Structure formats: C-alpha cells, structure tokens
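Structural characterization, general
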Amino acid sequence: MYEWVKAIHVIFMVTWFAGLFYLPRLYVYHAMPENSGSFALFKIMERRLFAIMTIGAVITAVFGIIMIVQGGGVLFQSGWFHFKLLLIALLIGYHHACYRLMIKFRNDANTHDHRWYRWFNEAPSVLLIVIVILAIVKPF
C-alpha cells in the first residue's frame, strides 16, 4: 500500500510543480504592457491554473502525511527529511506569494515588471532540484 500512496504523492507533486512553473511565466507576459489586450484572458488563465495547482498541493500534502504515518514517524529521525520539510515550507510560502501576485494582477495593481517575474519564476526549479535530491539520495 505504501508504494501506491507514494505514487499518488509524486503524481500530484508533478501537478503542483507544473502550476508553480507555469503561473509565474503567465505573470511575465501579464506584466508586459504590450500584452494589455490579453490581460483579461491572463486573469482567467491565472485563476484556473492557481486552482489546479492548489488541488495538486493539497493532495501532495495529504499523501505525504499518509506516508509519514505509515512509516511510523521514522522519517523524523533523518536530517535530510527535516531539511526537506523546511524547503516544503518555503515552497508553500512561494505558493502563497503566487496567490498574492495573482490578486494584484486581478485588481490591476501589479508593481513588478516582466524582468522581476523572470527571476521569481526560477525559485521552484531550485527547490525542486534540492527536494528531489534529498528524497532520492538522502545525503544525511
């Protein structure tokens, strides 16, 4: 049963990250004044994508917790797991920041240019790389 729970956890983690990668990319285009004719469409796309990625995040968390429970808490004895939890907390913070930015765009109150969003867009890539290494390699 543990392997099925793990598979579902990974599937929805991929869904979550797909949103974390693409939503800030939408912000890049939404922040470009030359795209003003598409701003209404961007707002719809951002809202729908945020909903999908939030569902992915919640299901990822639920199945992650199930794995922790199934493992009897053994994971908490590993340093790599504590670091992974810290990075997941940062990821949740990033997810929330995406929400706040989406609300700013919805209210036509964006204060960042497209270059800022290009840098903002890189954070989930770095977090994904480190989290996968921690989960697979378990370096400490």
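Throughout this description, residue numbers start from 1 for each chain and increase along the sequence as written. Confidence filtering applies because this is a predicted model: local features only for residues at pLDDT of at least 70, side-chain atom pairs given and counted only at 80 or more, and all residues used for totals across whole chains, interfaces and linings. Derived side-chain values reflect all non-hydrogen atoms in the structure, with water molecules and hydrogen atoms excluded from consideration.

- As recorded in an unreviewed UniProt entry, the chain goes by the name Protoporphyrinogen IX oxidase, listed as coming from Thiothrix lacustris.
- UniProt lists a comment for the chain under the heading Function (unreviewed entry), and it reads "Catalyzes the oxidation of protoporphyrinogen IX to protoporphyrin IX."
- UniProt positions are given in the numbering used here, feature names are shortened, and annotations may be inferred rather than shown by experiment. Listed under Subunit (unreviewed entry) in UniProt, the entry text for the chain is "Homodimer."

Structural notes on the overall build of the chain
- Helix and strand counts for the chain come out as 5 helices and 0 strands.
- Per the convention used, a helix needs a DSSP run of H or I reaching at least four residues, while a strand needs a run of E reaching at least two, with both numbered from the N terminus. Across the chain, helices and strands are ordered from the amino to the carboxyl terminus as α-α-α-α-α.
- Counting only C-alpha atoms, the chain reaches 55 × 25 × 20 Å along its principal axes.
- Taken over 140 residues, the chain has a buried fraction of 32%.
- Considering only intrachain contacts with a sequence separation of at least 6, the fraction spanning at least 24 residues in the chain is 76%. Accessible area is worked out with a 1.4 Å probe on protein chains only. A residue is then buried under 20% of its type maximum, exposed over 50%, and partly exposed in between. The criterion used for residue contact is that any of the two residues' heavy atoms lie within 4.5 Å.

Let's talk about the UniProt feature "transmembrane region" (unreviewed entry) in the chain
- Within the UniProt annotation, "transmembrane region" (unreviewed entry) is assigned to residues 6–28, 49–69, 81–99 and 119–137.
- Segment residues 6–28 splits into 100% helix and 0% strand. End C-alpha atoms: 33 Å apart.
- Annotated as 89% helix and 0% strand, the span residues 119–137 places its first and last C-alpha atoms 28 Å apart.

Observations regarding the packing of aromatic side chains
- Aromatic rings from Phe, Tyr and Trp, taking only the six-membered ring of Trp, are treated as a pair when their centres fall within 6.5 Å; an angle between ring planes under 30 degrees marks them as stacked, one over 60 as edge-to-face, and anything in between as tilted. Throughout the structure, instances matching the rule amount to 12 aromatic pairs.
- Centre to centre, the rings of Phe76 and Phe81 are 5.4 Å apart; their planes meet at 85 degrees, and the pair counts as edge-to-face.
- Judged by its relative accessible area of 41%, Phe76 falls in the partly exposed class.
- On the accessibility criterion, Phe81 (5% relative accessible area) is buried.
- Judged by centre distance (6.3 Å) and plane angle (40 degrees), the rings of Phe83 and Phe140 are tilted. In this pair, Phe83 sits in helix H3 (residues 79–106) while Phe140 sits in the segment after helix H5 (123–137), placing the two residues 57 residues apart along the sequence.
- By the ring-pair criterion, three or more aromatic residues cluster together here, those being Tyr27, Tyr94, Phe105, Trp116, Tyr117 and Phe120.

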